[in-house]
Each structure stands twice: as C-alpha cells, then as structure tokens.
Amino acid sequence: MGDAQVGRPTLPVVGQRAAGPRVSDGSNIFLTTKLDHLIDQARKNSLWPFPFGTACCAIEFMSTIMSHYDMSRFGAEVVRFSPRQSDVLIVAGTVTDKMAPVMVRIYEQMAEPKYVISMGACACTGGFYRAYHVVQGIDEFIPVDVYVPGCPPTPEALLQGLVRLQEMIAKGETHYQRMAAAARTAAQGAAS
Amino acid sequence: MSLSQERRDALRRDFPPSRGVEEIPSQDIPTFKVEREVLPELARRLKDDPQFDFKMLSDVCGVDWPEREARFDVVYHLYSLTHNHRLRLKVPVRQDDAVVPSLFGVWKAADWFEREVFDMFGVRFSGHPNLKRILCHPSFQGHALRKDYDPGQRWLLREGEQDEPAWAREVQEDEDHFETQVLNLGPSHPATHGTLRTVVRLDGEVITRAECEIGYLHRCFEKMSEQHTWNQIIPYTDRLNYCSAMMNGVGYVLAVEKLLGVEAPPRAQVIRVILSELSRIMDHIVCIGANLNDVGAMTPFLYVYQAREEIYSLLEACAGGRLTISYVRVGGLANDVPAGFEDAVRYLLRRIPPLVDDMERLITENRIFRQRTEGIGVMSAEDAVDWGWTGPCLRACGVPYDVRKVAPYLGYETYDFKVPVATTGDTYARYLVRVEEIRQSLKIVEQALKRLAPGAIITDNHHVALPPKDKVYTEMEALIWHFKLIMEGIKVPKGEVYGYTEGANGELGFYAISDGGGSPYRLHCRPPCFAVFQAYPHMLPGHMIADSIAILGSLNIIAGELDR
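Cut-offs and rules
Residues numbered from 1 in each chain as written. Chains lettered and ligands numbered in written order. Predicted model: local features only at pLDDT ≥ 70, side-chain atom pairs only at ≥ 80, totals over all residues. Heavy atoms only, no water. Helix = DSSP H or I, 4+ residues; strand = E, 2+ residues; numbered from the N terminus. Rg over C-alpha atoms; globule rule 2.2 N^0.38 Å. Buried < 20%, exposed > 50% of the residue type's maximum accessible area, 1.4 Å probe, protein only. Contact = heavy atoms within 4.5 Å. Areas by Shrake-Rupley, 256 points an atom, 1.4 Å probe, with all protein chains shown as cover. Lys, Arg positive; Asp, Glu negative; His and termini not counted. Charge placed at Lys NZ, Arg CZ, Asp CG, Glu CD. Phe/Tyr/Trp six-rings, centres within 6.5 Å; stacked < 30°, edge-to-face > 60°. Buried area = accessible area lost by both parts, 1.4 Å probe. Salt bridge = Lys/Arg side-chain N within 4 Å of Asp/Glu carboxyl O. Polar contact = N/O pair within 3.5 Å; in protein donor to acceptor, adjacent residues only side chain to side chain. Nonpolar A, V, L, I, M, F, W, Y, C, P; charged D, E, K, R; others polar. Domains from an automatic or database assignment. Pairing = 2+ DSSP bridges. Axes fitted to C-alpha atoms, helices over the stretch in contact; angles between N-to-C directions. Core = buried A, V, L, I, M, F, W, Y, C linked by side-chain atoms within 4.5 Å. Disulfide = S-S within 2.5 Å.

Undergrad: Sorry if this is basic, but what is going on with the overall build of chain B here?
TA: A tally of helices and strands in chain B yields 21 helices and 15 strands. Compactness check: chain B gives a C-alpha radius of gyration of 24 Å against a globular reference of 24 Å for 564 residues, within 12% of the reference. With the C-alpha coordinates aligned to their principal axes, the bounding extent of chain B is approximately 85 × 65 × 50 Å. The buried share of chain B, taken over its 564 residues, is 62%. A separation of at least 24 residues holds for 68% of the contacts in chain B among residues at least 6 apart in sequence. A total accessible area of about 20,500 Å² is found for chain B, and carbon and sulfur atoms account for 51% of it. Across chain B, the centroid of the 65 positively charged side chains sits 3 Å from that of the 80 negatively charged ones.

Undergrad: Can you walk me through the packing of aromatic side chains in this structure?
TA: Two aromatic rings are characterised by how far apart their centres lie and by the angle between their planes. All names here are of chain B. Applying the stated criterion across every chain, the model contains 22 aromatic pairs over all chains. Taken together, a centroid distance of 5.8 Å and an interplanar angle of 75° make the contact between Trp 112 and Phe 533 edge-to-face. Taken as a pair, Trp 112 in helix H3 (residues 110-121) and Phe 533 in helix H18 (residues 528-534) lie far apart in primary sequence, 421 residues in all. Take Trp 112 and Phe 533: they sit in the same class, and that class is buried. Aromatic side chains Phe 533 and Tyr 536 sit 5.3 Å apart centroid to centroid with 15° between the ring planes, which places their arrangement in the stacked category. Each member of the pair Phe 533 and Tyr 536 is classed as buried. In this structure an aromatic cluster arises from ring pairing among Trp 112, Phe 113, Phe 530, Phe 533 and Tyr 536.

Undergrad: Can you help me understand the interface of chain A and chain B in this one?
TA: Interfaces are often sized by the amount of accessible area the parts lose when they come together. In this complex, chain A contributes 39 residues to the contact, which on the side of chain B involves 50 residues. Counting the surface lost from both chain A and chain B, the interface buries some 3,800 Å², and carbon and sulfur atoms represent 64% of this. The largest per-residue losses of area from chain A upon contact with chain B belong to A:Met66, A:Lys98 and A:Tyr132, which jointly make up 24% of the total buried on that side. A salt bridge links B:Glu213 to A:Lys98; the shortest N-O distance between them is 3.1 Å. Taken together, the links from chain A to chain B amount to 18 residue pairs in polar contact (both at pLDDT 80 or more). Of all elements in the fold, only strand E3 (49-53), helix H2 (56-65) and helix H3 (100-109) of chain A reach the threshold of two or more residues within the side of chain A that touches chain B. Here the residues of the side of chain A that touches chain B sort into 23 nonpolar, 10 polar and 6 charged.

Undergrad: How do you make sense of the environment of B:Gly289 when you look at a structure like this?
TA: By the element assignment, B:Gly289 lies in helix H8 (residues 266-294). As a C-alpha pair, B:Gly289 and B:Glu175 span 114 residues in sequence and 40 Å in three-dimensional space.

Undergrad: Any chance you could explain the domain arrangement of chain B here in plain terms?
TA: Residue and element names in this part refer to chain B. Parsing chain B into structural domains produces domain 1 (5-126), domain 2 (164-218 + 539-559) and domain 3 (236-459). Interface area, domain 1 with domain 3, both sides summed: about 1,000 Å², of which 57% is carbon and sulfur. Broken down residue by residue, the surface that domain 1 buries against domain 3 is led by Met 56, Leu 81 and Lys 108, which jointly contribute 46%. The interface formed by domain 1 and domain 3 holds 2 salt bridges in total. When the residues that make up the side of domain 1 that touches domain 3 are grouped by side-chain class, the tally is 8 nonpolar, 2 polar and 5 charged.

Undergrad: Looking at this structure, I do not really get the sheet that holds strand E14 (residues 506-514) of chain B. What am I missing?
TA: Strand-to-strand pairing in sheets goes through backbone hydrogen bonds, with the strands running parallel or antiparallel. All names here are of chain B. Across the sheet, 3 strands lie side by side as E13-E14-E15; this open sheet has antiparallel pairing. What marks the edges here is a single partner per strand, and that holds for strand E13 (495-503) and strand E15 (522-526). On average, each strand axis in the sheet is inclined to that of its neighbour by 15°, with strand direction left out of account. By the bridge criterion, 5 bridges tie E14 to E15 in an arrangement that is antiparallel. Counterpart to Ile 513 in the pairing with E15 is Arg 522.

Undergrad: Even after reading the chapter, I still don't get the pattern of salt bridges, so can you show me in this structure?
TA: Side chains bearing opposite charge may pair, as long as their charged atoms lie close to each other. Residue and element names in this part refer to chain B. Applying the stated criterion across every chain, the model contains 55 salt bridges over all chains. Put simply, Asp 97 and Arg 36 hold a salt bridge, and the shortest N to O gap is 2.4 Å. On the criterion of sequence distance, the pair formed by Asp 97 in the loop between strand E5 (85-93) and strand E6 (99-101) and Arg 36 in the loop between strand E2 (31-34) and helix H2 (39-48) is long-range, its members being 61 residues apart. When its relative accessible area of 34% is taken as the criterion, Asp 97 is described as partly exposed. Residue Arg 404 pairs with Asp 402 through a salt bridge whose shortest N-O separation is 2.9 Å. If you follow the salt bridges from partner to partner, you end up with Glu 277, Arg 280, Arg 395, Asp 402, Arg 404, Glu 437 and Glu 502 in one network.

Undergrad: Quick question: what am I supposed to make of the nonpolar core here?
TA: Nonpolar side chains tend toward joint burial in soluble globular proteins. Residue and element names in this part refer to chain B. The biggest cluster of nonpolar side chains holds 197 residues, and the ones touching the most others in it are Tyr 76, Leu 89, Val 123, Trp 389 and Phe 533. When residues in this core are grouped by element, the largest group, 13 residues, is from H8. Setting aside residues no more than four positions away along its own chain, Leu 89 makes contact with Phe 32, Val 34, Leu 39, Leu 42, Leu 46, Val 74, Val 75, Tyr 76 and Leu 78.

Undergrad: Would you take a moment to explain the state of the cysteines for this structure?
TA: Two cysteines whose sulfur atoms are joined by a covalent bond form what is called a disulfide. Evaluation of the coordinates by the stated rule reveals 0 disulfides over all chains. The thiol of A:Cys56 is not disulfide-bonded; the next cysteine sulfur, from A:Cys57, is found 6.2 Å away. Considering cysteine sulfurs only, B:Cys529 is the nearest to B:Cys212, which forms no disulfide, with 13 Å between them.

This is the structure in structure tokens:
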C-alpha cells in the first residue's frame, strides 16, 4: 500500500475514545497514507470496463463475464458501453486501420483516470495478420498497461491480466498514474 | 449437380462463340468464358429462362493474372434452387479498360460483391448504384489483391477522413417541415456484436433511409492466404466465423481435398460431423442469446451460455484451444480425439436439451418477445433469394435450401435429419428456425456417435499428410516427406474448385485456384453473412430504431466472416 505506515498511535488521543482499528492488545492503531493511495485502493476494486470487442477475443470476453468465469468476483462486473462511464478500456480483438480512429476517439472520451488492457495477440502486436489493413499493435495509437497474450486468451488469462492491472493501480505503476506523478513533479519543480 | 448437357447445348446454340460465349474445361462446375458486351443479356436469360432458372447469384470475385493480356477475370458463381445446378461465368478484362457492366439490375446480390471486386482489384462496374470501396478505408491507395500489391503496405486513416454517405450530410425536412435526424449506429455499439456501422435517417423514431458500412474488421484473409501454404491457412479460416470455427476449417479443407482428389478416412469424417454440428449449436446459441439480450431478455443468454461452456470444454480436450481450434488438416484431423470423447459427447446430448427447453419456456410464447419480433424485418422468399441469402435466414423465409441436403458432403445424406423451415420470414421466424436447428443438430450428433469406429484420422497419402512422428525419427523416407511437407507445403495440382458447405449462417464457399505450388494462387471465401447483411439497410425503412437492433441480432452477422 505505497508508503502507508502502520504503528502505535502517535497523535494525541483524548480519553482513549479515538475511532479506528485496534491491535490485539486493545490499543488503537492509525493508518497514515496519501489520499491518492487510499483512493487508488478503492479504484482498483471497482473497475468499470469498456469492452471494445472487435473480433474473436470479444467472444472470449463474453465468456469471462458470464456466470462460469464471472469477472465480477474481481470487482469489475459493471461493463459499460459508454466511454464516459468506464475507466478501463479492454481492447479485445484485431484493430484495423479503419477502426483505429474510432478506438482513439473512445480512449480520449473516457474519464480519467483510465487504464488499457490489450487482450489477445492481434491487439498486442497485430498477431499473425501482418497485413495491409491491420494495426500492428494498438500501442501504435494508445498507451497500454497490460498485454494479455493468446489467440484468443483463455478467460483465466484475461482474469490474470485484470488482477495484474489492479496490482499496478495499487502500486501506482499504470501509464496514467506515472504521467500524473510526472506532471506533479514538474509542477512542484516549477513552483520552487 | 452441374448443368446438364442438353441445357449446355441450348446455351451454346443461343450464345455461340461468335457472340463471345465459350465453354472452357473445368473440373467441378460448367464454366463459360463470357465477353463483357454480352454479359447482361446472358445473365438476364440465365435468370429468367425456366430451363436454367439461376435465381441465385452465389458469389462474385476477381482474379488477377498479371502476365495475361486481359489481366483480370471477374468470376460469377450462379445457382439454381429448382434444378439444383451451378454455373460459373468468367469475364476477362484488360487493366487499361477494366470495366464490366454491373449485374445489380439482374441480381441484387451483386451489390456488395461487385464493390468488393472494385475495392480489391480496381475493376469498375458500369451502372452500379454505389460503387466505392467497401472493405478498405477511404484513404487506402491501390488495390490490395492485385499480385503486385505488397501485402504489408499500410495506409493510415486519420480522424475526419472516414466515409460518410452523401445523403447523411444533407438537411432534410419531412412533410410537416420538421427536420429529420441522422443517427449513426456503430461501429462501436453494444448491439452490433462486432464492428458494423449503420447510418440511418430518422423521421421521429421511424427509419426512412439506411446505409451500412463494413470493413472495420478487414483482416486481409485472402491476401494472407496467398502468402501461406495450404495447411497454414487453416488457423486463418478459424477466425472467419469465430463463433463456429470448426465449420470454416471443414469447409476449407473439403474444397482443398476436392482439388487434390483425396478423402479423409471415415473416422475423421464422423468426428468432423460431430464437432461441426456442435459448433453449429454454439453459433446458434450465441446468435439467439445475443438477440434476446439486445431486446431486453438477459436470463436466457445466461442459461444457454452454460451449454456453450460445456462444448468449449470438449473442444479444448480435443484440440487444446477453446474457440479457434485449428483441428482439421487437409486429409483428416490434426490428432485423434482424447479418451472419454464419446462419454463427453453423450453428456452434452443429455445436458443441452434441458437448457434449450428452459430458454424456450421463457421466450417462445413470451408476449413481449413476440410483440418485439413478429412482423419485424419481414423478407419475402423471392427477395431473399435475389439478395443471395442462404442458411437459417433464407429458411425462415420458406426456402428449404440446405447444402447438407442438396449437395451432401461428409456423408450427410446418410443421416436422418430435417431442415426446419418457417414461412413468415420475420425476426421471430428466424429465432424459431435456429432453435429447431439446434435440436436437429443434436439428432445428427447422436447418430454420428454410433458410427464412431476406431481407425485412422488422417489419410496415409504422404503427399498430403505428415507421416507419424515415430516414423520420422526412425525411417529415412518418412523424414524426407516430413521435410518436404513442412518446407514446401502440400503441392496441390493445377486447377480451380468452388467448394461449398453449410456453415452456421448459410452457404460457406471457398473458391480456390491452384497453380501447382505450395500455396493457393487465389483463395476467395464466399461468406454467408456478406450476402445477408447487404440486404439489411433495405429492410430497415419503415421500422423503428429499436426494431433495427432486433433485426440485426436475428441475422447473426459475424464481423470476422463479413469483412474477412
């Protein structure tokens, strides 16, 4: 959890009535952290995917959200087809040159913070379509956080990709978070 | 099957070689070389004369022969439902004068097929109402399937350069001087199940005009297949109709086997039938489930999707993959089915019917569903044939055309099954036909299972199939054959063939031309969706915007197959 510190109370407490979790001997503990990290904890467990399904991978994505594999177990069940209501773009399937501007537009319309999972060989690298109308990896156009290999990936692989994204969000490693951190540092440098 | 001798004579009498119609030898379908001047008259005659009665234009495609003076061939495949015969027409044109009269006035099916030939080869069709690129984007330069086009040459499409129908930009008023509205559906839309785009003009909530744009998933299947050996194409075919990957592979290898003159061993054929029919069930399940989902019934999708997961498990046990399995090979199958295969299929035969029953109890007599679908998206049998419809959509219009019955392959003539037909041709009828087809497919699987006898799963012809691995390690000759097949691929004799099977959406055709080399000279796929979807914008006017979603779901358009 970032640089959160767990320890004995160090703040003045009046009459032993402070709210908060207690350790086993009954004394209070406090949790100090940055607000960003706290919010990231909440965000990672409430991802709202936008399924940008174009091809075969979309069918496996469907399997992943159906009852058998049930992606909602990982806190990402609310699939939204509006980019304004979602924060993780799952590009499932081949993206062609004709489709690329559409994908970029959707990415731009998504509310921040936003993350991208590239599902399947085609979205990651163009797959075995080394051809005149196929984008050779969506990172030509948009930044990608997690690449899920497979043609198509099994639902288990996509779930692992999702868990990996959650870990990255918790650690502040996603593309969006790194850009935001860099922007903050730059702003502080300019101020001082 | 093919055009009888007396009819061929009649054709030759009225269209002698002096008029530019000439029969050329062919190994599967009677083929005539036609000069373009006589093409419209010949086409009209072939369609209207009852002794020919070619009411259906199955396919139009182009072929490039750079060293020939007349560089391009435009190839037409015709089919007669009443006589069950086929005909192929070839129209050669020169590169500097690549214009052919459009046959849209004769068969509506020519609409998109001709646009595709224009897009891929640059052959123009005079008189075509809307001749522009269909699969490649508007900023694309050149014609991709010409032999001198570099397969890796891409062109960037920038924001704002997308194609827009001309009528969509105009401001129009209805008769009460209210402004009508243009609405864009897709290509990223929850109800399009893939990448389809429809632009509609609305008067209130009623659609007055519509146009579709496709090609958002054009993955260059045909160009890629020219770069790979015959067996390497099988994974590409899996990704055509990815809801029923097995059937594409079977359709493709049957065409190649026809060209090679080899046949898969009986055990391989039976396994192909079993897995194909299970794939058909999966495909119909996705179609019905998604259609219901779109009109607001989520529950049945969850019910029937369980059946799909169970079939996936079986496919995974056989081939290692769940969805795109690449299980067939030219001459047989990649490997034998695992132990316990028969028990697993028997389990499926018990498991699937109750799930389908559950869905039917919820939906078939459901008043909401019937009101949403009955009388919606009606297609007459005549129009459906004219548009080139096949498969469940055509059978819902009352035409009992099923390739498994009229041109049986894999021994389908020996199985006892019925072809479900509805009469009304609306969205509800398409639902009913699909549900009944699931039950008929289960019946076929049941019979096929009884015939599953031990035996070889791939032909022992060493020109076609890899020798067993243990022999490769111990025998010199086997090692040589293995090396040659891996390095050079199967050498398919020179010739051309149009192989057609009954895919989940209808007639899935593969037109393959071999020049005797290790990879196809030209491989054209005739996707059933393509013909079905080109009628969709013409079905919409007069319907509500919500109906368009219900109709689209019932047509089962799979973008991978549509755009290839």
